[in-house]
Every structure is written in structure tokens, then in C-alpha cells.
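The residues making up each chain are set out below.
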Amino acid sequence: AITGGRAELDQLKKALKGHRAVRAEAEEALAKAGSVRNSEAADFARESANSKANIAALGKAAKALRKGLGQAFLQTREASIVRRLSVDMDISSSDRDVVSSFLSNRGRGRTFQPTMEVVGILETMKEQMQKELAQEVAEEKKAIEIYEELTEAKRREVTAAALAMENKLK
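The model shown is predicted, which means the values in this text are computed figures rather than measured ones. (Residues numbered from 1 in each chain as written. Predicted model: local features only at pLDDT ≥ 70, side-chain atom pairs only at ≥ 80, totals over all residues. Heavy atoms only, no water.)

(A) Fine view of the overall build of the chain. Check the secondary structure of the chain and you find five helices and zero strands. Going from the N terminus to the C terminus, the chain shows its helices and strands as α-α-α-α-α. A globule of 170 residues ought to have a C-alpha radius of gyration of about 15 Å, yet the chain, at 30 Å, is considerably larger. Principal-axis analysis of the C-alpha atoms places the extent of the chain at approximately 105 × 25 × 20 Å. Scored against the burial criterion, the 170 residues of the chain give a buried share of 28%. Element-wise, carbon and sulfur atoms account for 54% of the exposed surface of the chain, whose accessible area totals about 11,100 Å². Of the charged side chains in the chain, 30 are positive and 26 negative, and the gap between their average positions amounts to 4 Å. (Helix = DSSP H or I, 4+ residues; strand = E, 2+ residues; numbered from the N terminus. Rg over C-alpha atoms; globule rule 2.2 N^0.38 Å. Buried < 20%, exposed > 50% of the residue type's maximum accessible area, 1.4 Å probe, protein only. Areas by Shrake-Rupley, 256 points an atom, 1.4 Å probe, with all protein chains shown as cover. Lys, Arg positive; Asp, Glu negative; His and termini not counted. Charge placed at Lys NZ, Arg CZ, Asp CG, Glu CD.)

(B) Just the environment of glycine 70, in detail. Along the chain, the position of glycine 70 falls in helix α2 (residues 70-73). Under the relative-accessibility criterion, glycine 70 is labelled buried at 2%.

(C) Quick peek at the nonpolar core. Counting 25 residues, the largest nonpolar core has Phe73, Val82, Leu122 and Met125 as its most contacted members. At the level of secondary structure, the elements contributing two or more residues to this core comprise α1 (2-66), α3 (77-88), α4 (93-103) and α5 (116-169). Sequence-distant contacts of methionine 125, that is, excluding residues within four places in its chain, are made with Leu58, Leu85, Ser86, Met89 and Ile91. (Core = buried A, V, L, I, M, F, W, Y, C linked by side-chain atoms within 4.5 Å. Contact = heavy atoms within 4.5 Å.)

(D) Spotlight on α1. Taking 1.5 Å per residue, 65 residues should reach 96 Å; α1 reaches 94 Å between its end C-alpha atoms and fits that length. Once α1 ends, the next one or two residues include glycine 68, with phi positive near 80°. (Expected span 1.5 Å × (residues − 1).)

(E) Geometry of the side chain of serine 86. Take serine 86: it is sitting in helix α3. The contacts of serine 86, once residues within four sequence positions are left out, are Ile91, Arg96, Val99, Leu103 and Met125.

(F) Summary view of the pattern of salt bridges. Taken as a whole and judged by the stated rule, the model has eight salt bridges. The partner of arginine 156 in a salt bridge is glutamate 152, with the nearest N and O atoms 3.5 Å apart. Of this pair, arginine 156 and glutamate 152 are both found in helix α5, four residues apart, which corresponds to roughly one turn of the helix. The partner of glutamate 157 in a salt bridge is lysine 154, and the shortest N-O contact between them spans 3.2 Å. Taken together, the residues glutamate 157 and lysine 154, both in helix α5 and three residues apart, mark about one turn of the helix. Beyond isolated ion pairs, a larger network of salt bridges with shared partners links Arg37, Glu40 and Glu140. (Salt bridge = Lys/Arg side-chain N within 4 Å of Asp/Glu carboxyl O.)

(G) Representation of the environment of alanine 33. Along the chain, alanine 33 falls in helix α1. Counting along the chain gives 110 residues from alanine 33 to alanine 143, while the straight-line C-alpha distance between them is 11 Å. Excluding anything up to four places from it in sequence, alanine 33 contacts Tyr147 and Leu150.

Okay, structure coming up:
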């Protein structure tokens, strides 16, 4: 009877150790997933804010140019943003040249009336950025859904392991 009791106790100890390991692994996975999700959310927030600022700058630029405020626009912060975007974005070299030519007149005292071509290029750039932002938002929503599904599954694992340990100790 004592030998049987010891064997049963050893088996119980092994089972508890296994349940503790499962619970620990699930808790570790939850912590790691939370850390990764927080990092991804911060990256998304930063990129999203940057994209929104760029989209707003392109909109202001096009609006100013439509109103004939080209020279005044060249002195604004938005002109700097447009200058950077005209280099960084994936646009045709001819569009890049047109925008660059317009922007290069800054501070030279020349009056350069932007053509509707410049406005059209800026609007196209804005639309492209809006599409990219919409795609990034959709990807972020999907990442949140996946994270929530993962955390729910891991929480169930933690609960199941805790219940299994509780039942073994009864």
C-alpha cells in the first residue's frame, strides 16, 4: 500500500510539474505577444501620424497652388514636406522633375505659376498615400484581431492548466 501511495504521489508530482510547465509557457507566450503587439502598435501609430501629416501637407499644397499662392507656398513647412516626398515616393521621373522644378524656385524671387500639372501630381501623390494608409490601417486591424485570438487561446490554456493542477490537488 505504501509503495502504491508513493507511485501515485510521484505520478501526481509529475502531472503537476507538467501542468505548471504548460501554464508557464502560456504565460510567457502571453507576455511576449503583448510586448510584440505593443511595439507594433507604437510603430503603426508613428507611421500613421506621419502619413496623415504628409497627406495633409499634400492637400494644403494642392489647395494653395489652385489659389495661385505658389510663391507663398514655397516658404511653408508643407513645401519642405512635399520636397521630401517628391524624392522619397515612388513617382515617375518626369513627375519628380516637374515637382522639383517648381520647388527649386524657392527664394529666387522669380514668379513661377504652377501649372495644373503640378497640382495633378500632388493630388496623385496624396491619393497614393491615402491608399497606402488605408492598407496600413486594415493590416493593423488584422494584427489586432490575430493578437486578440492568440491571447484568448493562451488565457484558456492558463486557465485549463490551473484547473488541472487544482483538480490534482483535491
